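Okay, here's what each chain looks like letter by letter:
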Amino acid sequence: VADCQSDLKAGNPWSVKISNEACNKSRLGNNGRALVGILPFKNMESKDETKVVLNNEVYGITMRANISNLTDNIDMFFTHNDKIGNSSCVSWSGEGDLNWTTFGCKTEIINNTIKCSCSHLTFFAVLMTPQPDAEQDLESLTLITSIGCGISMFFLSIALFMHFLLRKAKSNQATKILMNMFVALCLLNASFLSNESVANTQDNGACVFIALVLHYSMLASFTWFFIQALHMYLWLIRQNITITNYMRKITVLGWAFPTPIVITIASLGEYKPLILKTSSEKISRMCWITSPYIHYAVNIGYYSLVFIFTTGIFITILTRIVQARRLRATDGKRRTFRKQLMMVLSLFLLFGLTWSVAFFSYGPMRIPSYYIFTVLNSFQGFFLFLYYYHIRNDIAGSFSDDPRSSGSTTTMVQPSMNVYDNHPKNNTGS
């Protein structure tokens, strides 16, 4: 292990750990002696203007032998105080133009240290992708998000209190599904608010646990949003469907579906602390998924499916309203269609569009969309509370068409949705 202090004033030490396999290869080419030469080059810049070389330093390492295709990699550790974006360990062969490549090197972030594990020896550096806008706005975004989560938790807690202690006996299945989504959202907000405090303890086990809870509650929220849309589809579109143990099945689906996902990610060791640098020179930590590929595949991929499905439900209900107008349905049916459309539209706007703004934010609109998301998230709990309050007071009104439950079976009934049943002969069995 070779330790060097590259810049005492800046406090950016680095170290390299040579593996036994590399030493053995060096001995074969140097008459039984293992030699290590380390050449630091200062004031190095990247030709790519979108990237910078960490600490402006490049390190050449040689052992006077062909060191490549190692199974026991060589580890380099770069400690920094000025992390300004995403980091990537790169190497250069030393021939031709200065073209950096990530081939043969893996990047891992450990607190404020970047670990590069490479299977060969050559010239090495860490390239950083600057994100000045995100860092300048990080403090304000964090403050707004924290306030928003607190407001949402307050109103969601009121709704849960009203449901479980005041009107539980009169709630229908749609309300019960909504309450499960409220519980998932409360868990999501609580785990987010406590995430940074847990990350600052630098307890790896606690960090993995809070990251797992945060990810689980987020996936559970998406799942219950999907179940709410599925429930509306079965209730408003399909007819005469009997499902055994309906509530029990969807409850198991809502809470059990995310479990194998988070367990798999945890077993892969992808829940780790992340370092965020704020504009006030304070280090902000968060426990979350370190791999962007897992984030895109699991979080954004899953939410995209839920978003597309819910959008399809909304379009289907809207199509039924157009059909009802063309067929000159009765005023009562038209009012029912409009109320049912408002149900889907309300949840779609309150939950679906809010998260879509956060996940589908790229390019110049990335920072403005972050602010839009944090503001919408601040009022999400309040408007969901108003939505619950409305359907709670309308149990005997337009929500009386909720699926009928008898024993362990649930029958999806829809006496007022069929726009073609306007003739008296077709209504004799209703």
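Given the structure is predicted, the values throughout are model-derived calculations rather than measurements. (Residues numbered from 1 in each chain as written. Predicted model: local features only at pLDDT ≥ 70, side-chain atom pairs only at ≥ 80, totals over all residues. Heavy atoms only, no water.)

Caption draft 1: Main features of unusual backbone geometry. Residues other than glycine seldom take positive phi values, yet N31 does so here, at roughly 55 degrees. Within the secondary structure, N31 sits in the loop between helix 1 (20–29) and strand 3 (37–42). Overall, the relative accessible area of 77% leaves N31 in the exposed class. Phi at N245 is positive, roughly 50 degrees, even though this residue is not glycine. Of note, N245 is situated in the loop between strand 11 (241–244) and helix 5 (246–256). (Helix = DSSP H or I, 4+ residues; strand = E, 2+ residues; numbered from the N terminus. Buried < 20%, exposed > 50% of the residue type's maximum accessible area, 1.4 Å probe, protein only.)

Caption draft 2: The arrangement of the environment of S68 in detail. Topologically, S68 is positioned in the loop between strand 5 (57–62) and strand 6 (74–79). The exposure class assigned to S68 is partly exposed, which follows from its relative accessible area of 22%. Sequence separation between S68 and A22 is 46 residues, and the spatial gap between their C-alpha atoms is 8.4 Å. If sequence neighbours within four positions are ignored, S68 has contacts with K25, S119 and H120. A polar contact of 3.5 Å, which involves the side chain of S68, links it to the side chain of N66. (Contact = heavy atoms within 4.5 Å. Polar contact = N/O pair within 3.5 Å; in protein donor to acceptor, adjacent residues only side chain to side chain.)

Caption draft 3: Quick look at a nonpolar patch on the surface. A cluster of nonpolar side chains, contributed by F161, F164, L165 and V183, occupies part of the molecular surface with about 390 Å² of accessible area. Per-element tally for the nonpolar patch: the top contributor is helix 2 (residues 132–166), with three residues. Relative to the assigned elements, F164 resides in helix 2. (Patch = residues over 30% accessible without salt bridge, like charges linked within 9 Å, V, L, I, M, F, W, Y side chains within 5 Å. Areas by Shrake-Rupley, 256 points an atom, 1.4 Å probe, with all protein chains shown as cover. Salt bridge = Lys/Arg side-chain N within 4 Å of Asp/Glu carboxyl O.)

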